[in-house]
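Observations on the model geometry
Each chain, letter by letter, is given below.
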Amino acid sequence: MVNVILPDGSSLEYARRITPAEVAGDIGKRLAKATLAAEVDGRLVGCDETLPPDGEVRLRLITQKDPEALDLIRHSCAHVMARAVMRLFPGVQLAFGPTIENGFYYDFLTEQPISEEDFPRIEAEMRKIVQEDEPFERVVLPRDEAVALCRELGQELKVEHIEEALGDEATVSFYRQGEFVDLCRGPHIPSAGKVGVFKLLSVAGAYWKGDAARQQLQRLYGTAWFTQQELDEYLCKLEEARRRDHRVLGRQLELFMIDPAVGAGLVLWLPKGATVRRELEAFIYGELLRRGYQPVYTPAIGRVELYETSGHYPYYKESQFPPVDLAAYWGEGEKYLLRPMNCPHHIRIYQSKPRSYRDLPLRIAELGLVHRYEQSGELTGMTRVRGFTQDDAHIFCTEDQVADEFRGCLEMTQYVLKTLGLENYRVRLGFGDRSSDKYVGSPETWERAEAALARVCREMPGLPEPHVQVGEAAFYGPKADFVVDDCIGREWQLGTVQLDYNLPSRQRFGLEYIGADNRPHEPVMIHRAPFGSLERFVGMLIEHFAGAFPLWLAPEQVRVLVVSEKFEEYARQVERRLAETGLRVGADYRPEKVGAKIRDAQIERIPYMFIIGGREQETGAVAVRDRLEGDLGAMPVEAALAKLREEIEAKVVRQVAG
RNA sequence: GCUAGCGUAGCUCAACCGGCAGAGCGGCUGAUUUGUAAUCAGCAGGUUGUGGGUUCAAGUCCCUCCGCUAGCUCCA
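Residues numbered from 1 in each chain as written. Chains lettered and ligands numbered in written order. Predicted model: local features only at pLDDT ≥ 70, side-chain atom pairs only at ≥ 80, totals over all residues. Heavy atoms only, no water.

1. Thoughts on the overall build of chain A
Helix and strand counts for chain A stand at 20 helices and 33 strands. Sorting the 658 residues of chain A into buried and exposed places 50% on the buried side. For chain A, the exposed area adds up to about 31,100 Å²; of that, 49% sits on carbon and sulfur atoms. Each charge class in chain A was averaged separately, 83 positive and 103 negative side chains, and the resulting centres sit 3 Å apart. (Helix = DSSP H or I, 4+ residues; strand = E, 2+ residues; numbered from the N terminus. Buried < 20%, exposed > 50% of the residue type's maximum accessible area, 1.4 Å probe, protein only. Areas by Shrake-Rupley, 256 points an atom, 1.4 Å probe, with all protein chains shown as cover. Lys, Arg positive; Asp, Glu negative; His and termini not counted. Charge placed at Lys NZ, Arg CZ, Asp CG, Glu CD.)

Here it is, written out as structure tokens:
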């Protein structure tokens, strides 16, 4: 006897073994038809899985309306796609086919490459399978039989997976659909007819088990929805996202360029982009001084031995521009490295004289230009480049000061992001992976640093709950990263705070300070950068604002437009007045209609337009037009000026484009 | 770096099976003197990313390199 308890508290009793499908059938015909899967005592199962024979069972039937439903049809859709590919490309081996945000993918090992040109016939085959509406049938086999089955099916990757990863399992499950059998944990929806509408989106390479040393597979990405309308909306959203892409807007708004003639991944800041950057730099310098940092300037190149001492050079040899070898060129001389990091130079400043505990914490800051030879396939607009500027600083402090200093860094980063209206960020604690040998320093110092990091993050008011990611640490220490998404959902690290017990150590630079006890001690170092890199940060900012920067950052803050050339003389007086107060003002005296001038200014995302015609000239006024709200009516020049100055002063963020 | 795709005017994109390189926007010139998201007309603009090959003929087919896009891998 089993007692099935439903979410509304009601219950049904059965004397025989039953499945969720049968329970749904007993409740109602329509429900039975709509049921995609079930949650049994918190575990997601298929409709045809037998429930326990006795006792109490909490059962929730899952239909389209439930949050899990989309994931279910996408998972089943991945199987439908795999089945279609198996039919069209004989001999393919299946790897994995999970769901992801907004869709699914499936990895295949094939002799012949699959390209987007194949999508129509794959989709056609998928539609046929959906039409056939065969059930997804769960088959559970003992492990050795499962291995034998996969071998028989020619699915060597699955054999490998069962033997390597599922070695502890007594049984494994498969899902069968006619001729198609796939190793899969499930659950699946009852039959192929319920997968809804789908579309294949892209094909890409992916490594077996994420390991670049193993076979490269073909990964097909797709998406599935319940209705055509939902699918269309999703595709439309992708299209819109593309329009706020910083690479598109960067060109349109003339913010930056990347010129293959200069080099891949090397950013040229155009005057308008440079203006945005200058404002951000002024802002960050203000904060640095207010918070007790000491700005310095150091060269972008240094002796390679410095980076051997720090460990950067041997560790990242492959992803640095090779050293400039003077001996190879002149016959004698040293080797210089285009610096990939600023810390060694700042460390040398620390070491330039004996330091006392009274000097600590010492906070050395620099907008430091660094170069890294990133893999060609990684380069992306301003977000992943080969030359960039870190708003870097290194704090040298005593062990006792670590928590306070670390907190101060978090607070500054938080403040910077908040000022710019960036609120959609996550905090990632990158910890070391103890099983890896890529880190320097003892396990004890790592434990200590990670514990301090986690504690301070959790205590920090207003900070999102951090999530720990093991293996994401820098080689010299754990870190807290501020992470945001770009317009197409890719994750990027912006700000970072890193705790370092290693570069100061005797094995590295051997930093010291003289303590109150008149004996030498080893300081702790904190690396931190609230923006991270200015290139990446501005790239994200462009997307965040969809190019419509807040007034204080806007390259052109206000444009003076004349209704007719007749008013040019007065307009020029207004323009001069605005410029002399430091506003970035532009003007449009073309013999065009106002409509056209407004349209152009609007497209250029200029925050304010001051429109001047006969009425304004007579009264010493301007007609103010706001980028967001349109015509605000006429006001005296000085009043309009004051309004803008106030908005700039307060760094108002009026709109975060949605 | 790997897999797949792409590279035509400043930008966005056409050009059928290999057969005379084109449009819109932008630019320039002229006309128009305009009141809150596009006035009209004319003109200029190209070694089709690079180097090689196949062919009577290459933007189109093949190879090399460079660059770009998506994903994987990497990310101090």
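Now that the structure is up, let's keep going.
2. Looking at the sheet that holds strand S25 (residues 491-500)
Across the sheet, eight strands lie side by side as S16-S20-S21-S28-S25-S24-S22-S23; this open sheet has mixed pairing. In this open sheet, the two strands that pair with only one neighbour each are strand S16 (294-295) and strand S23 (467-470). Pairing of strand S22 (residues 426-431) with S23, which is carried by four bridges, proceeds in the parallel orientation. If you follow Gly430 over to S23, its bridge partner there is Gln469. Contacts from helix H15 (residues 443-459) reach S22, S23, strand S24 (479-485) and S25, with the element oriented near 165 degrees to S22. Contacts between helix H16 (residues 534-544) and the sheet are confined to strand S20 (362-371), strand S21 (387-397), S24 and S25, with S25 contributing the most and set at about 140 degrees to the helix. (Pairing = 2+ DSSP bridges. Contact = heavy atoms within 4.5 Å. Axes fitted to C-alpha atoms, helices over the stretch in contact; angles between N-to-C directions.)

3. A few points about the side chain of His371
Tracing the backbone through its elements, the reader meets His371 in strand S20. Once you skip the residues sitting within four places of it in the chain, His371 turns out to touch Leu266, Phe321, Leu338, Arg339, Pro340, Arg386 and Gly387.

4. So, the domain arrangement of chain A
Domain assignment breaks chain A into domain 1 (2-62), domain 2 (69-240), domain 3 (256-542) and domain 4 (558-649). Computed from C-alpha coordinates alone, the two centres of domain 1 and domain 2 are separated by 27 Å. The interface of domain 1 with domain 2 comprises eleven residues on the first partner and twelve residues on the second. Surface buried jointly by domain 1 and domain 2 totals about 770 Å² across both partners, of which 70% is contributed by carbon and sulfur atoms. Taken together, domain 1 and domain 2 are joined by one salt bridge. For Glu49, the salt bridge identified is with Arg138, shortest N-O distance 3.6 Å. The interface formed by domain 1 and domain 2 contains zero residue pairs in polar contact (both at pLDDT 80 or more). Looking at the side of domain 1 that touches domain 2 residue by residue, the class counts come to six nonpolar, two polar and three charged. (Domains from an automatic or database assignment. Buried area = accessible area lost by both parts, 1.4 Å probe. Salt bridge = Lys/Arg side-chain N within 4 Å of Asp/Glu carboxyl O. Polar contact = N/O pair within 3.5 Å; in protein donor to acceptor, adjacent residues only side chain to side chain. Nonpolar A, V, L, I, M, F, W, Y, C, P; charged D, E, K, R; others polar.)

5. As for the protein's contact with RNA strand B
Around RNA strand B there are 58 residues in total, and Gln216, Met341, Ser376, Glu378 and Pro591 lie nearest to it. Counting only the atoms of RNA strand B that lie within 4 Å of the protein, the sugar and phosphate share comes to 49%. Between RNA strand B and the protein, one listed contact pairs a phosphate oxygen with a side-chain N or O atom of Lys566 at 3.0 Å. The leading source of residues in the surface near RNA strand B is helix H18 (residues 594-603), at six residues. Of the residues assigned to the surface near RNA strand B, the class counts are 23 nonpolar, 17 polar and 18 charged. (Near = heavy atom within 4 Å.)

6. Comments concerning the pairing of S21
For S21, the buried fraction is high: eleven of the eleven residues fall into the buried class. Side chains Gly387, Thr389, Asp391, Ala393, Ile395 and Cys397 project from S21 onto one buried face, and the interleaved Phe388, Gln390, Asp392, His394 and Phe396 project onto a second face that is buried too. In this structure, S20 lies alongside S21, joined through ten bridges in antiparallel fashion. Along S21, the bridge assignment pairs Gly368 with Gln390. Bridge analysis of S21 against strand S28 (residues 524-529) gives five bridges, and the strand direction is antiparallel.

7. Considerations on the sheet that holds strand S1 (residues 2-5)
Taken together, five strands build an open sheet; the order of strands is S2-S1-S5-S3-S4 and the sheet is mixed. What marks the edges here is a single partner per strand, and that holds for strand S2 (11-14) and strand S4 (43-45). Across the sheet, the mean angle separating the axes of adjacent strands is 30 degrees when strand polarity is ignored.

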